[in-house]
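Residue-level structure breakdown
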Amino acid sequence: MRFQSFSIMETGIKGTKEVIVTDQNTAIALGSGTLRVFATPAMVALVEETAWRSVADALEEGQATVGTLLNIAHTSPTPIGAKVRCETVLTEIDSRRLVFKAEIFDEKGLIGSGTHERFVINEASFAQKAEKKKQ
C-alpha cells in the first residue's frame, strides 16, 4: 500500500484524555518505583493513547500509527484518587512522521510535558513484519 497525503490531517489536531489515579497505575504497581503515586509509565501510556486517538479519524482504511519516540518529563507527583488529564497537539507532519506536543495536568496543575513522535503504518504490512520475527 502506498501512502497518500492525508486529506484531512493537518497540524493543530488536539486530543484530550483523563484518567483517575488508582492502585493499578501507581509506580509500585507498574514496577517503576516504590510509591503509591501516578507512575511515569502510566503517564507515557496516557500520552500515547491521547495522541493516537486524536488522529485516528484522519487515517485511511488499513492505516494506524505507532509510537516511535517519547521525550516526556514527569515533574510532579499525583496521589491516588486524583484526576490526570493529558492534552496533545499535532505540531508537525513530515510524510508519515507525526510529532505531538504533550502536556499532562492533575487538579493542581502541570505534572508533565514533552513531545511524542508517531509514524503512520499499514497495519497488515506491520503485522507481517512482526510475525516474521517468530521464524
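What counts, and at which threshold
Residues numbered from 1 in each chain as written. Predicted model: local features only at pLDDT ≥ 70, side-chain atom pairs only at ≥ 80, totals over all residues. Heavy atoms only, no water. Helix = DSSP H or I, 4+ residues; strand = E, 2+ residues; numbered from the N terminus. Buried < 20%, exposed > 50% of the residue type's maximum accessible area, 1.4 Å probe, protein only. Contact = heavy atoms within 4.5 Å. Areas by Shrake-Rupley, 256 points an atom, 1.4 Å probe, with all protein chains shown as cover. pLDDT = per-residue confidence, 0-100. Pairing = 2+ DSSP bridges.

**Section: the overall build of the protein**
Check the secondary structure of the protein and you find three helices and five strands. In the protein, the succession of helices and strands from N to C terminus is β-α-α-β-β-β-β-α. Each principal axis of the C-alpha distribution contributes one length, and for the protein these read about 45 × 40 × 20 Å. Out of the 135 residues in the protein, the part that is buried amounts to 34%. Of the contacts formed within the protein by residues at least 6 apart in sequence, a portion of 65% connects residues at least 24 apart. When the accessible surface of the protein is totalled, it reaches about 8,100 Å², and 50% of it is carbon and sulfur.

**Points about the environment of W52**
Along the polypeptide, W52 turns up in helix 2 (residues 40–55). For W52, a relative accessible area of 33% puts it in the partly exposed group. As a C-alpha pair, W52 and F119 span 67 residues in sequence and 9.9 Å in three-dimensional space. Ignoring any residue separated from it by four or fewer positions in sequence, one finds W52 in contact with T65 and R118.

**Focus on the environment of L110**
By the element assignment, L110 lies in strand 5 (residues 109–122). For the pair formed by L110 and V55, sequence separation is 55 residues and the distance between their alpha carbons is 24 Å. Ignoring sequence-local partners within four residues, the contact set of L110 consists of T75, S76, E103, I104 and F105.

**Observations regarding the confidence of the model for the protein**
Taken as a whole, the protein shows an average pLDDT of 94; of its residues, 94% reach a score of 70 or greater. Low pLDDT, under 50, characterises residues 1–5; the stretch is placed with eleven contacts to residues that sit more than four places away or in other chains.

**Regarding the pairing of strand 4 (residues 97–106)**
Among the ten residues of strand 4, seven are classified as buried, and the element is accordingly described as predominantly covered. As judged from the ten bridges shared by strand 3 (residues 83–94) and strand 4, these two strands associate in the antiparallel manner. Of the residues in strand 4, the one forming a bridge with I93 is L98. The hairpin turn running from strand 3 into strand 4, its antiparallel successor, is two residues long, and S95 in that turn takes a positive phi close to 60°. What sits between strand 4 and strand 5 in their antiparallel hairpin is a turn of two residues.

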